[in-house]
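Listed below, chain by chain, are the residues.
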Amino acid sequence: QHEYGGETIPGPAFNPANHPAPAPTPSASSAFRPVMPSRQIVERQPRMLDFRVEYRDRNVDVVLEDSCTVGEIKQILENELQIPMSKMLLKGWKTGDVEDSTVLKSLHLPKNNSLYVLTPDLPPPSSSSHAGALQESLNQNFMLIITHREVQREYNLNFSGSSTIQEVKRNVYDLTSIPVRHQLWEGWPTSATDDSMCLAESGLSYPCHRLTVGRRSSPAQTREQSEEQSTDVHMVSDSDGDDFEDATEFGVDDGEVFGMASSALRKSSMMPENAENEGDALLQFTAEFSSRYGDCHPVFFIGSLEAAFQEAFYVKARDRKLLAVYLHHDESVLTNVFCSQMLCAESIVSYLSQNFITWAWDLTKDANRARFLTMCNRHFGSVVAQTIRTQKTDQFPLFLIIMGKRSSNEVLNVIQGNTTVDELMMRLMAAMEIFTAQQQEDIKDEAEREARENVKREQDEAYRLSLEADRAKREAHEREMAEQFRLEQIRKEQEEEREAIRLSLEQALPPEPKEENAEPVSKLRIRTPSGEFLERRFLASNKLQIVFDFVASKGFPWDEFKLLSTFPRRDITQLDPNKSLLEVKLFPQETLFLEAKE
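In the nomenclature of an unreviewed UniProt entry, the chain is known as Fas associated factor 1 of Propithecus coquereli.

Given below as structure tokens:
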């Protein structure tokens, strides 16, 4: 049992310190043979015992001679676990609880032992998980994605967990010109009831949390809207200490602010400005493209530009395709016409899907533009990056046709937005002709290379099989020799272990009483499975355990053999080993026999 702090059910209660003659219990896995080395060798080489001691979530390994005491184990554990010996209960002994003064040799232990420590007088380790979690949150950074409702613009702001809600609102005032007292919020957790509360305590989602802010309506507007609004939870900012932020103090009227907001209203962005990865950005791009121009459009590859290269170029030659990179720009006057009339034309969509991998990116926002130019410089070189960098806004959108080559990626064509469907198709087909010619050469080279590799592979395989056969024979012989040696070592170790335990049992037996003795004497005659008889006298007050130890010292451990009486037939090994011979009716004499357990 390892339920720390709880109760354990001990084994047979026997304390060697309370008896003049110890009555040890042999290990359940022990076996003995009647091999008798000289007594001097055993005494000169004490046995080393290994203990693995478990305490809560720790394991401590202890190695001691069998001449040491239980208390010495506790001293080592006191240093390792920082637990006073007086508070420590060492459990797991096969003979039940033992005293600190008990010598290990008297317990007749096997070489490897498992124990565990209980500390019922010590409180369990205190839980500081809540305080620790709060401290961790204070050190974390929260990404707040704040949407300005009137102008449909997003701000991605980073705040530490120790920042307050009031600091967030003042930062938003700097960005939106909405004074804190006029801010109307959506998305704050219900636990965020006080502006002085830090973000770590407010219940925000980590690492990102979405909020929406707008300008609070006038009282008349509020009454009209309250009749139509659903039960959405809004958090209206307090005006405490924020009157200095009122826009009127700067000569700006609320109506002017709303005029600017309404003029800034526009459609949703094609791509987020700070997407964690390109795959997420392309998902939003595809969804927004479909909502604007319909479902009949090229199938945009969802993933990074590197992944698009892998899909188009780094496959077998016959499976390769051209890569088309569509560069979008919302502020170009050509974008709407190009997307709706050319890029979404059925003939163009069909041709692209059959022959191209199409990847897209939005250059409207400066951050996304810089991100693409970095990718472009890395994959296509500085010349192509400079060409795109110098393109004017009204020259967008661009369509880059790219062909993969052995050492580099070649840009075959850069198609600007001021084109027609027929011209776009002709330029796609022209690029396809160049690609097809190159592809045929690649297929031929690949076939020849595979043929050469197949011949070489067959030769290598034949040579490998020959070497493998020779090595297998050699390794089989080495394994056989090693196994024989290992089994011999195990056999010797087992014999030495059994003999050591047998000798310790024999030495621990009390002296055989004489026939003429003041105390009652019981004479036992034990028949072995080979037909031989073991005879010995015992005091009638001796524990039954001493009889078991005597039989085990002769090479018949009680976990492998049953000790039976004849009339009536009884299994003596099932009786309580702490009872005396007189109590179990093995007095004044008895004939027993040994039988191997199944």
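Moving on to the sheet that holds strand β17 (residues 570-571). Spatially, 5 strands are ordered β15-β14-β18-β16-β17 in an open sheet, and the strand pairing comes out mixed. Because the sheet does not close on itself, it has two edges, and the strands there are β15 (533-539) and β17. Where strand β16 (residues 561-565) meets β17, 2 bridges bridge the pair, whose relative direction is antiparallel. What sits directly across from S565, in β17, is R570. On top of the sheet, helix α14 (residues 544-553) reaches β14 (521-527), β15, β16 and β18 (589-596); it is set at about 150 degrees to β15, its chief contact.

Tallying each qualifying case throughout the model produces 28 salt bridges. Put simply, E154 and R210 hold a salt bridge, and the shortest N to O gap is 3.1 Å. On the criterion of sequence distance, the pair formed by E154 in strand β6 (residues 153-160) and R210 in strand β8 (residues 208-215) is long-range, its members being 56 residues apart. A relative accessible area of 52% means that R210 is categorised as exposed. With its nearest N and O atoms 3.0 Å apart, the salt bridge here joins D460 to K456. In this pair, D460 and K456 are both assigned in helix α13 (residues 421-508), 4 residues apart and thus about one turn of the helix distant.

It is worth spelling out the packing of aromatic side chains at this point. Scanning all chains against the criterion turns up 18 aromatic pairs. Relative to Y206, the ring of F142 lies with its centre 5.5 Å away and its plane at 80 degrees, an arrangement referred to as edge-to-face. Pair noted here: F142 is in strand β5 (residues 141-148) and Y206 is in the loop between β7 (183-186) and β8, with a separation of 64 residues, a long-range link. Ring geometry for W359 and W361: centres 5.5 Å apart, planes at 10 degrees, overall stacked. With relative accessibility at 0%, the residue W359 sits in the buried group. A residue is classified by how much of its surface remains accessible, and W361, at 0% relative accessible area, is buried. An aromatic cluster is built from F285, F289, Y293, F300, Y326, F338 and F399, whose rings are joined through pairwise contacts. The positively charged end of R525 is found above the aromatic ring belonging to F533, 3.8 Å away from the centroid. In this structure, R536 packs its charged tip against the face of F538, placed 4.8 Å from the ring centre.

Reading the values: the criteria
- Residues numbered from 1 in each chain as written.
- Predicted model: local features only at pLDDT ≥ 70, side-chain atom pairs only at ≥ 80, totals over all residues.
- Heavy atoms only, no water.
- Pairing = 2+ DSSP bridges.
- Helix = DSSP H or I, 4+ residues; strand = E, 2+ residues; numbered from the N terminus.
- Contact = heavy atoms within 4.5 Å.
- Axes fitted to C-alpha atoms, helices over the stretch in contact; angles between N-to-C directions.
- Salt bridge = Lys/Arg side-chain N within 4 Å of Asp/Glu carboxyl O.
- Buried < 20%, exposed > 50% of the residue type's maximum accessible area, 1.4 Å probe, protein only.
- Phe/Tyr/Trp six-rings, centres within 6.5 Å; stacked < 30°, edge-to-face > 60°.
- Lys NZ or Arg CZ within 6 Å of the ring centre and 35° of its normal.

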